[in-house]
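Below, each chain spelled out in residue letters.
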Amino acid sequence: MLALVECAPDLRSQLCKQLLLHSVHCGAAGLAALLILPGGAQAQDAYRSLAGNMVVSYSPLLDSAESPLEVLTKGEIYGRIRSNSFRWDWEEPVPGALVDHEIAGLGGSIVFKSADYRGLGFTVGAYGTSTPWQNFELNDYRALKAGKDLVSRGSRDGEYAVIGEAFLQWQGDRGQLRAGRQIYESAFTASNDTKMIPNTFDGVSAQFNATADTHLYAAWFDGQKLRDHRHAHDVLTFRDANGDPWRNQDDAGVHRGLSFQNFVDAGQSPENELWIASLDHGRDGFQARLSTLLVPDVVGQAAIEASRKFAGERWVLTPAVKYFHQQDRGGGAVGGASLLGNAGPDNPLGYRDPDSLDGGMLAARVDIRHIGSGLDFRFGYTDVFDEGDLVAPWRGFPTGGYTRAMGQYNWRSNTRSWMVQLKGDLSRFLPWDGLGILARFADMDLDESKGAGMTDRTAFNVDLTQRFTASTMGRFRSVFVNDDGPTGYNEYRIELNYLF
């Protein structure tokens, strides 16, 4: 259904109409399909690109302002229209608990990036999402899984707009400084902009280019705005003062034991800060990154990752390793070792120390690229130590890039996973322009003694991405999850993006 190609106008028009008719059932995808009619738009500028994961990358504006007024007149406005549709089928549906569902949404963004005046500039981005084809009640919101990012469960609203980015920036020859609400990509955090609104953080970040090969990064954040939230919230605390699970940190990877009430009961403030620093070095095919994270009085983390590229005439081999260390800085006494917050001395659930968040992970992978075909093969393995669960509600998944398949949170204590992946451009093999594939199979061995939901599982994930023009891209995603319990499921997604 995403198979629109640069073919004869009449044929492509018919294909578009078929996609539109099929998409009516999926909601917002129907409207977005109108953007792909013959003669579709091309990229409007050379300052941005849409990656295969639907994240937009911006290059610096080339012209600097010569006066304060030109900060505005030489700035650029970037627009985006996007749609997302989801279908979720449980293997064994349970009324009121495991509910099959569909949801479709239409959204977009307008981002203004000013020109720099003496190195100073700013960015403001307005983002919106809506579900015009559905009327949801509170109980319906509870059933949503991946599609929850089309709505705001905290405000019980299926249509809203937010300021997703708003920051001042100083840019110099050796680095930059940002202050305000911003996207921040690191070993622990990510925008994860695959839905309608990116995951952003409130605070200050800095970059310093020590040499052409070595870069230093640092950030301090006292707020996070997840993709399905109207307003910023604490970077770590689950539930608010009223016990509402959707008005504070409610990421799927949140530590539920680190709740507002548990912090208060432990005599600690439920308002947390996030400190991040990293050092990147790369040269001659070698890449290394040392990263640290601290939530004072709760948890500290460090990750070191290195890779080396070996290029031959027909193959490129790139092995990589990653070590992840987590240190309990007081959070274990507040919420316990389990992300579910249900482990303690009276009910250890298989944890060696149910009151400790000490933990870690070792990961390895090898990437093999065949130069002639352009196909990339990946073999990955992760081993999460039999200690505390890894705390990661900031969308920078600890197992990402190694064994994480679509929607899988495989960084609980004593979990071993392996994954094989194929990625490539199918245009080399088919008379079909712009079609790419990403296929993964992951096998996860979880520790069943750690409580409910900790059952062995496999996930088979296939993504088909179609780039129609330089500014228009669509993607069909699917994952088939089987486990040893009742929570296996199939999920299907359709994403369409248009830049203007």
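The rules we used
- What you see as residue numbers is a count from 1 along each chain, following the sequence as written.
- Residue-level local features of this predicted model are given only where pLDDT is at least 70; pairs of side-chain atoms are given and counted only at 80 or more, and the full residue set underlies all totals for whole chains, interfaces and linings.
- Calculated side-chain values reflect all of the structure's heavy atoms, with hydrogen atoms and water omitted.
- Note on ring pairs: Phe, Tyr and Trp rings are taken, using the six-membered ring of Trp, and paired if centres are within 6.5 Å. Classes follow the plane angle, with under 30 degrees stacked, over 60 edge-to-face and the rest tilted.
- Per the convention used, a helix needs a DSSP run of H or I reaching at least four residues, while a strand needs a run of E reaching at least two, with both numbered from the N terminus.
- Distance and angle both matter: a charge sits over a ring if NZ of Lys or CZ of Arg is within 6 Å of the ring centre and within 35 degrees of the ring normal.
- Without a salt bridge and with relative accessible area above 30%, a residue can belong to a patch; like charges are then joined within 9 Å and nonpolar side chains (Val, Leu, Ile, Met, Phe, Trp, Tyr) within 5 Å.
- The Shrake-Rupley method, run with a 1.4 Å probe, gives the accessible areas here. Residue values count only the displayed protein chains as cover.
- When a carboxyl oxygen of Asp or Glu lies within 4 Å of a side-chain nitrogen of Lys or Arg, that pair is called a salt bridge.
- This count recognises Lys and Arg as positive and Asp and Glu as negative, with His and chain-terminal groups excluded.
- Positions of charges follow a simple convention, taking NZ of Lys, CZ of Arg, CG of Asp or CD of Glu.
- Accessible area is worked out with a 1.4 Å probe on protein chains only. A residue is then buried under 20% of its type maximum, exposed over 50%, and partly exposed in between.
- When DSSP locates at least two bridges between a pair of strands, those strands are taken to pair.

(A) Summary view of the packing of aromatic side chains. By the definition in use, this model includes 17 aromatic pairs. Summarising the aromatic geometry, the rings of Phe460 and Phe480 are spaced 6.5 Å apart at their centres and angled 25 degrees between planes, so their arrangement reads as stacked. One end of the pair, Phe460, is in strand 19 (residues 457-469); the other, Phe480, is in strand 20 (residues 472-483), and 20 residues separate them in sequence. Directly above the aromatic system of Tyr58 lies the positively charged group of Lys113, at a separation of 4.7 Å from the ring centroid.

(B) The arrangement of a negative patch on the surface in detail. A cluster of acidic residues, Asp353, Asp355, Asp358 and Glu387, forms a negative patch on the protein surface. Residue class for Asp353 comes out partly exposed when judged on its relative accessible area of 43%.

(C) A look at unusual backbone geometry. Here the phi dihedral of Met54 falls at roughly 75 degrees; this positive angle occurs in a residue that is not glycine. Assignment of secondary structure puts Met54 in the loop between strand 1 (48-50) and strand 2 (56-58). Since its relative accessible area comes to 0%, Met54 is described here as buried. Notably, Arg239 is not glycine yet its phi reads approximately 65 degrees, a positive angle. Here Arg239 lies in the loop between strand 9 (214-225) and helix 5 (260-265). A residue is classified by how much of its surface remains accessible, and Arg239, at 33% relative accessible area, is partly exposed.

(D) Local environment of the pairing of strand 17 (residues 416-425). Pairing between strand 16 (residues 376-384) and strand 17: eight bridges, direction antiparallel. Across the sheet, Asp383 pairs through a bridge with Arg416, a residue of strand 17. Strand direction decides the pairing type here: strand 17 and strand 18 (residues 435-445), joined by ten bridges, are antiparallel. In the strand pairing of strand 18, Trp418 is matched with Asp443.

Function cannot be inferred from these measures alone, as they are strictly geometric.
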